[in-house]
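Listed here are the chains, written in short residue letters.
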Amino acid sequence: KKLLVDYGRGDVANNAIEKNELLQHCLDFVSTSLPDLLADKYDLVANITHDIPAEVGREGTKHNPLEEGSYRCHVQHKATGQWYEMQDLEVTETMPQLIGVSESYLLIFERRGAV
């Protein structure tokens with residue numbers, strides 16, 4: 001199955017492809033491929049955040065934001081569903097609602113039903 005068909009505005013303007021043909025390709029994609037893509041559901045399994053001090057990155061300071069601050073990782077224990085926050089060697093339980101309001105650096109998802 002094709003996921004994308006590459007047509008530019010020039011193809012339509014130069015009559016290399018008819019507008020009706022382009023519309024048909026779009027309708028075919030929406031009716032056949034898109035439902036399959038949207039049928040898969042994904043669960044958040046980990047979240048990585050990067051916290052930096054307020055003064056880092058301000059104008060006039062010479063700090064590299066990626067070298068300053070700290071990284072935290074939120075990971076879900078699959079068997080119990082409990083979320084944990086890890087920073088260095090410290091591990092604490094956390095509520096999933098707090099993960100949604102954290103400033104994420106990287107989100108890791110797992111497709112449901114994946115082996």
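Everything numeric here is computed off the predicted structure, so don't read it as measured data.

Rules and cut-offs
- Residues numbered from 1 in each chain as written.
- Predicted model: local features only at pLDDT ≥ 70, side-chain atom pairs only at ≥ 80, totals over all residues.
- Heavy atoms only, no water.
- Buried < 20%, exposed > 50% of the residue type's maximum accessible area, 1.4 Å probe, protein only.
- Salt bridge = Lys/Arg side-chain N within 4 Å of Asp/Glu carboxyl O.
- Helix = DSSP H or I, 4+ residues; strand = E, 2+ residues; numbered from the N terminus.
- Polar contact = N/O pair within 3.5 Å; in protein donor to acceptor, adjacent residues only side chain to side chain.
- Contact = heavy atoms within 4.5 Å.
- pLDDT = per-residue confidence, 0-100.
- Pairing = 2+ DSSP bridges.
- Axes fitted to C-alpha atoms, helices over the stretch in contact; angles between N-to-C directions.

Enquirer: Just to check I follow, could you spell out unusual backbone geometry for this structure?
Expert: What you tend to see is this: most non-glycine residues have negative phi, and most peptide bonds are trans. Look at aspartate 88: it is not a glycine, yet its phi comes out positive at around 55°. What makes aspartate 88 exposed here is its relative accessible area of 75%.

Enquirer: Can you help me understand the pattern of salt bridges in this one?
Expert: Two side chains bearing opposite charge may form a pair once their charged atoms approach each other closely. Summed over all chains, the structure comprises four salt bridges. Linking arginine 72 and aspartate 51 is a salt bridge whose minimum nitrogen-to-oxygen distance equals 2.5 Å. Pair noted here: arginine 72 is in strand β2 (residues 70–76) and aspartate 51 is in strand β1 (residues 42–51), with a separation of 21 residues, a long-range link. Residue class for arginine 72 comes out buried when judged on its relative accessible area of 16%. For the salt bridge of arginine 72 with glutamate 85, the shortest nitrogen-to-oxygen distance reads 3.0 Å. Here the residue arginine 72 occupies a position in strand β2, and glutamate 85 occupies one in strand β3 (residues 83–87), the gap between them amounting to 13 residues. Ionic contacts of the salt-bridge type, sharing partners, join the residues Asp51, Arg72 and Glu85 into one network.

Enquirer: Would you mind going over the environment of histidine 74 with me for this structure?
Expert: Within the fold, histidine 74 resides in strand β2. Separated by 27 residues in sequence, histidine 74 and asparagine 47 have C-alpha atoms that sit 5.0 Å apart. At a separation of 3.1 Å, a polar atom in the side chain of histidine 74 contacts the side chain of glutamate 85.

Enquirer: Teacher, can you tell me more about the side chain of threonine 49 here?
Expert: Topologically, threonine 49 is positioned in strand β1. Setting aside anything within four residues of it in sequence, one finds threonine 49 in contact with Ser70, Tyr71, Arg72, His74, Ser102, Glu103, Ser104 and Tyr105.

Enquirer: I tried to follow the confidence of the model for the protein chain on my own but got confused; where do I start?
Expert: The predicted coordinates of low-pLDDT regions are not to be read in fine detail. For the protein chain, per-residue confidence averages 74 on the pLDDT scale, and 59% of positions sit at 70 or higher. Between residues 1–6, whose pLDDT stays under 50, and residues either more than four places distant or in other chains, the model counts eight contacts.

Enquirer: Teacher, can you tell me more about the sheet that holds strand β4 (residues 90–94) here?
Expert: Strand pairing within a sheet occurs via backbone hydrogen bonds; the two strands may be parallel or antiparallel. Reading across from one edge, β4-β3-β2-β1-β5 is the order of the five strands in this open sheet, with antiparallel pairing throughout. The sheet is open, and its two edges are formed by β4 and β5 (104–111), each paired on a single side. Along the sheet, successive strands turn relative to each other by an average axial angle of 20°, direction set aside. Strand direction decides the pairing type here: β1 and β2, joined by six bridges, are antiparallel. Along β2, the bridge assignment pairs isoleucine 48 with cysteine 73.

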